[in-house]
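# Residue-level structural notes
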Amino acid sequence: MRASVCPPTAGHRRSAVRTLVVAIVLSVALAGCQGELYSNLSEPEANQMLAVLMSSGVSTTKTAKGKDGFSLSVDERDMLRAIAILKDSGYPKNLRESIGKVFQKSGIMSSPFEERVRYIYALSEDVAQTLSNIDGVVTARVHIVLPDAPQLGQPVKPSSAAVFIKHQSGVDLDFFVPQIRRLVSSSIEGLEYSAVTVVLAEASPTKSVSTADASGTVEVLPGLAVRDSDVARFWQLLAGVVAFALVLAGSVAFAWRALEQRRARRPVPAAGAHVPLVEPS
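Here the structure is a predicted model, which is why all the values come from computation and not from measurement.

### Overview of the confidence of the model for the chain
Detailed reading of predicted coordinates is not advised where the pLDDT is low. A residue-level look at the chain finds 68% of positions with pLDDT of 70 or above and a mean pLDDT of 75. Per-residue pLDDT, averaged within each element of the chain, yields its smallest value for helix α7 (residues 211–215) (43) and its largest for helix α6 (residues 177–187) (93). Per-residue pLDDT stays below 50 along residues 1–5; that stretch engages in 5 contacts with residues further than four places along the chain or on separate chains.

Structure representation (structure tokens):
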């Protein structure tokens, strides 16, 4: 004879829902808190920074902010490492003023001196922006000297330019110096090739993101190893899984106990009472 099993009651269903809610809350609480790294970024620059961080093993989230551009968020534990990685790669790029923006009309009249200063500044920024697009360049600065027109009888002073480039460690730009000088001299009217000075400086890598630290792993369990930066996150996730399993096991035990108690409270048929027969299944 097969005993009938009561279907789950509404109380059992509510208990299961509460268990699921508690597990979700525990998972969210144990997960790493996200902190905003940079905001007001253009989409191309945000994508480039996202690629740099993810290729270095830093989990990053890109969020659209509407008119405010895009923002990047990382785990607060990875904040310092992410800033160092982007700094070594030359991000975020310095915002440079274009010639059109510098020379936009803001008043009725401008003095010749103001016009000249704006022109030299805008020209320097445009040339520096072009040099920044060279692979491996962290930052580029261009200083242009354009002497005033000589007065009658005075010698002509030649124009000159000084270029400073900081490049990533391990990138060799020495072979590129002639092309840099040719590009700068061709971009500025009246500037000779020999009057362009180029200074290259190698950026020092940040110690916290050295290759040894980025690729180091730790064995947390027999046969299981994770990166040094992910050890704390691994134990937090493991604690979340264990807490979920305990809560689920407690809920199942509570439901089973309630079912047993309900069976025990059923009346027992008296002796000689007619018991309907149940055909075997």
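Picking up where we left off.
### Focus: the packing of aromatic side chains
Counting across every chain of the model gives 1 aromatic pair. Each ring, one from Phe175 and one from Phe176, has its centre 5.9 Å from the other, and the planes form 70°; the classification is edge-to-face. Judged by its relative accessible area of 25%, Phe176 falls in the partly exposed class. Lys62 extends its terminal NZ or CZ atom over the ring of Phe70, reaching a point 5.2 Å from the ring centre. Geometry around Tyr193 places Arg181 over its ring, the cationic atom sitting 4.5 Å from the centre.

### Regarding the pattern of salt bridges
Evaluation of the coordinates by the stated rule reveals 2 salt bridges. Residue Lys62 pairs with Glu43 through a salt bridge whose shortest N-O separation is 4.0 Å. Residue Lys62 is located in strand β2 (residues 60–64), and its partner Glu43 is located in helix α2 (residues 43–55); the two are separated by 19 residues in the primary sequence. With relative accessibility at 40%, the residue Glu43 sits in the partly exposed group. As a salt-bridge pair, Asp75 and Arg77 come within 3.1 Å of each other at their nearest N and O atoms. We classify Arg77 as partly exposed; its relative accessible area is 36%.

### So, the sheet that holds strand β6 (residues 196–202)
Sheet architecture is open: 3 strands sit in the order β4-β5-β6, paired in mixed fashion. Two strands lie at the open edges of the sheet, namely β4 (137–145) and β6, each paired on one side alone. The average angle at which neighbouring strand axes cross in this sheet is 10°, direction not considered. Direction of pairing for β4 relative to strand β5 (residues 160–167): antiparallel, over a ladder of 8 bridges. Across the sheet, Ala140 pairs through a bridge with Ile165, a residue of β5. This element, helix α5 (residues 112–132), spans β4 and β5 of the sheet and lies at about 150° to β4. Taken strand by strand, α6 contacts β5 and β6, and its axis lies near 135° from that of β6.

### Remarks on the packing of α2 against helix α3 (residues 79–88)
Two numbers describe a pair of packed helices, the interaxial angle and the distance between the axes. The contact between α2 and α3 brings their axes to 10 Å, and the two run at 115°. Where α2 crosses over α3, the handedness of that crossing is right-handed. Packed against α2, whose contacting residues are Met49, Val52 and Leu53, the element α3 presents Ala82, Ile85 and Leu86 at the interface. For the contact of α2 with α3, the class distribution of residues is 6 nonpolar, no polar and no charged.

### Considerations on the environment of Ser204
Among the structural elements, Ser204 can be located in the loop between β6 and α7. For Ser204, a relative accessible area of 58% corresponds to the exposed category. Residues Ser204 and Ser169, spaced 35 residues apart in sequence, show a C-alpha to C-alpha distance of 6.6 Å.

### Overview of the pairing of strand β3 (residues 70–75)
Consecutive side chains of a regular strand alternate in pointing toward one face of the sheet and then the other. Within β3, 6 of the 6 residues are buried, which leaves it mostly tucked inside the rest of the structure. Where strand β1 (residues 34–41) and β3 come together, 5 bridges link them in antiparallel fashion. Considered in β3, the bridge of Gly35 is made with Val74. Examined bridge by bridge, β2 and β3 share 5 bridges and lie antiparallel to one another. Looking across to β3, one finds that Thr61 is bridged to Ser73. Linking β2 to β3, which pair antiparallel, is a turn of 5 residues; within it Gly66 sits at a positive phi near 70°.

### With respect to the packing of α5 against α6
At their nearest, the axes of α5 and α6 sit 11 Å apart, and the two run at 150° to each other. Taken together, the axes of α5 and α6 are roughly antiparallel relative to one another. In the crossing of α5 with α6, the sense of the turn from one axis to the other is right-handed. Of the residues in α6, those in contact with Leu123, Val127, Thr130 and Leu131 of α5 are Ile180, Leu183, Val184 and Ser187.

Conventions we followed
- Residues numbered from 1 in each chain as written.
- Predicted model: local features only at pLDDT ≥ 70, side-chain atom pairs only at ≥ 80, totals over all residues.
- Heavy atoms only, no water.
- pLDDT = per-residue confidence, 0-100.
- Helix = DSSP H or I, 4+ residues; strand = E, 2+ residues; numbered from the N terminus.
- Contact = heavy atoms within 4.5 Å.
- Phe/Tyr/Trp six-rings, centres within 6.5 Å; stacked < 30°, edge-to-face > 60°.
- Buried < 20%, exposed > 50% of the residue type's maximum accessible area, 1.4 Å probe, protein only.
- Lys NZ or Arg CZ within 6 Å of the ring centre and 35° of its normal.
- Salt bridge = Lys/Arg side-chain N within 4 Å of Asp/Glu carboxyl O.
- Pairing = 2+ DSSP bridges.
- Axes fitted to C-alpha atoms, helices over the stretch in contact; angles between N-to-C directions.
- Left-handed = near helix turned anticlockwise from the far one by under 90°.
- Nonpolar A, V, L, I, M, F, W, Y, C, P; charged D, E, K, R; others polar.
- Parallel < 35°, antiparallel > 145°, perpendicular 65-115°, else oblique.

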